[in-house]
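Tertiary structure, described
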Amino acid sequence: MLKISQKKILDRTYEKTGLTATVGIGTNLYLAKIAMDISAKHNADRMAYLNEDLYRQTLWHHVPLTDFWMLGNGTERRLHKLGIYDMYDLCQFPIEILYKEFGVNAEYIIDHAWGKEPTTIQDIKNYKSKQHSISNSQILFEDYSYQNAFVVMKEMVDQNVLTLTEKHLVTKQISLMISYSKDCIKPSCGSCKITNCTNSYSILLEEFKRLYIRIVNPNYPIRQIAIGFQDVKDEYYYENYDLFTDVGKVEREKKLQETLVQIKHRYGKNAILKGMNALDFATAKKRNTLIGGHNAY
């Protein structure tokens, strides 16, 4: 009965969207994910089941490693340098060296190599993030026009997205507050929930753009901008996207964001800048030189 119901869902999804979906069933969350991502794609009915034994029998020698959840190109390169090319190799490798190479992240890499996942659905439901929001506010050096203030808001989104990336957090709710010069009118405030739970700059910027257009009065000079990412959660458990998101594009963007974080940590916040940061009315480059930097958490 369960398989019949899932087949109906797959067929209905295709009828409504034209998209081919897959179903993964597993004895833990990781195996269900891997069954969906790898095994189901090779089955005619687009469904697959995995337990720990089946996982080891069918996927221990599967390549590339990047097909497995949470193993990106960077991790794969580091594993290759150690002589590890598949999950079987990983299971035979000395644990102490893996911990030296990957730190605390070695724990989930090792568990997943054996097809284990200690986290349960109940654990996820009970999870409480220690940090519920990331916000940033700045008073502008002078009165800004509607168009120029929008550029500054883009810079702020860019900075806070890198904070999300660095802390491995995602959000699905944003907020914006705009105060006008000399309090000529009441501040414009708004927030919205979005369909994706993400730390993607392009997705979050598009949502802020819509919010900006919706709430900001273009007829008055702007003097203060505040943005916020609400209800931030652990990327590992909560990141998800709707059917219309190009996940491959998001993953490529995430790798770029991670690289930017590494460069800024090593060489300073102004070591690498975007074109918008070079505009006369942009503020990020100057604020990065101030004590305390740009972001406030």
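Our subject is the structure that appears above.
Right, let's walk through the structure included here. (Residues numbered from 1 in each chain as written. Predicted model: local features only at pLDDT ≥ 70, side-chain atom pairs only at ≥ 80, totals over all residues. Heavy atoms only, no water.)

Another point: the pairing of strand E4 (residues 169-180). The buried fraction of E4 is high, at 9 of 12 residues. For E4 and strand E7 (residues 233-234), the ladder comprises 2 bridges, and the chain directions are antiparallel. In the strand pairing of E7, Leu169 is matched with Asp234. Direction of pairing for E4 relative to strand E5 (residues 188-198): antiparallel, over a ladder of 7 bridges. Paired with Met177 across the two strands is Cys189, which belongs to E5. Sheet topology note: the E4/strand E6 (residues 222-230) ladder contains 8 bridges and is antiparallel. In the strand pairing of E6, Ile174 is matched with Phe229. (Buried < 20%, exposed > 50% of the residue type's maximum accessible area, 1.4 Å probe, protein only. Helix = DSSP H or I, 4+ residues; strand = E, 2+ residues; numbered from the N terminus. Pairing = 2+ DSSP bridges.)

Applying the stated criterion across every chain yields a total of 11 salt bridges. Asp158 is the salt-bridge partner of Lys274, the closest N and O atoms lying 3.0 Å from each other. Here Lys274 is found in the loop between helix H12 (247-267) and helix H13 (284-287), whereas its partner Asp158 is found in helix H9 (residues 146-167), with 116 residues between them in sequence. For Asp158, a relative accessible area of 7% puts it in the buried group. One salt bridge connects Glu239 with Lys254, and the closest N-O pair in it is separated by 2.6 Å. One end of the pair, Glu239, is in the loop between helix H11 (235-238) and H12; the other, Lys254, is in helix H12, and 15 residues separate them in sequence. Looking at Lys254, the relative accessible area reads 8%, which means it is buried. Shared partners join several salt bridges into a network, and the residues in it are Glu235, Glu239, Glu251 and Lys254. (Salt bridge = Lys/Arg side-chain N within 4 Å of Asp/Glu carboxyl O.)

Ranked by size, the top nonpolar core spans 34 residues in total, and within it Met153, Leu176, Tyr212, Val216, Ile222 and Ile225 carry the most contacts. Of all the elements in the fold, those that place two or more residues in this core are strand E3 (133-144), H9, E4, E5, helix H10 (201-215) and E6. At 10 residues, the largest contribution of residues to this core is made by H9. Of all hydrophobic cores here, the second largest spans 26 residues; its members include Tyr30, Ala48, Ile84 and Cys91. (Core = buried A, V, L, I, M, F, W, Y, C linked by side-chain atoms within 4.5 Å.)

Tracing the backbone through its elements, the reader meets Leu54 in helix H3 (residues 52-59). Overall, the relative accessible area of 29% leaves Leu54 in the partly exposed class. With residues up to four places along the chain from it excluded, the contact list for Leu54 reads Tyr49 and Leu59. (Contact = heavy atoms within 4.5 Å.)

A grouping of Leu19, Leu243 and Phe244 is seen on the molecular surface, where their side chains present a nonpolar patch of about 340 Å² in accessible area. If you trace the backbone, Phe244 turns up in the loop between H11 and H12. (Patch = residues over 30% accessible without salt bridge, like charges linked within 9 Å, V, L, I, M, F, W, Y side chains within 5 Å. Areas by Shrake-Rupley, 256 points an atom, 1.4 Å probe, with all protein chains shown as cover.)

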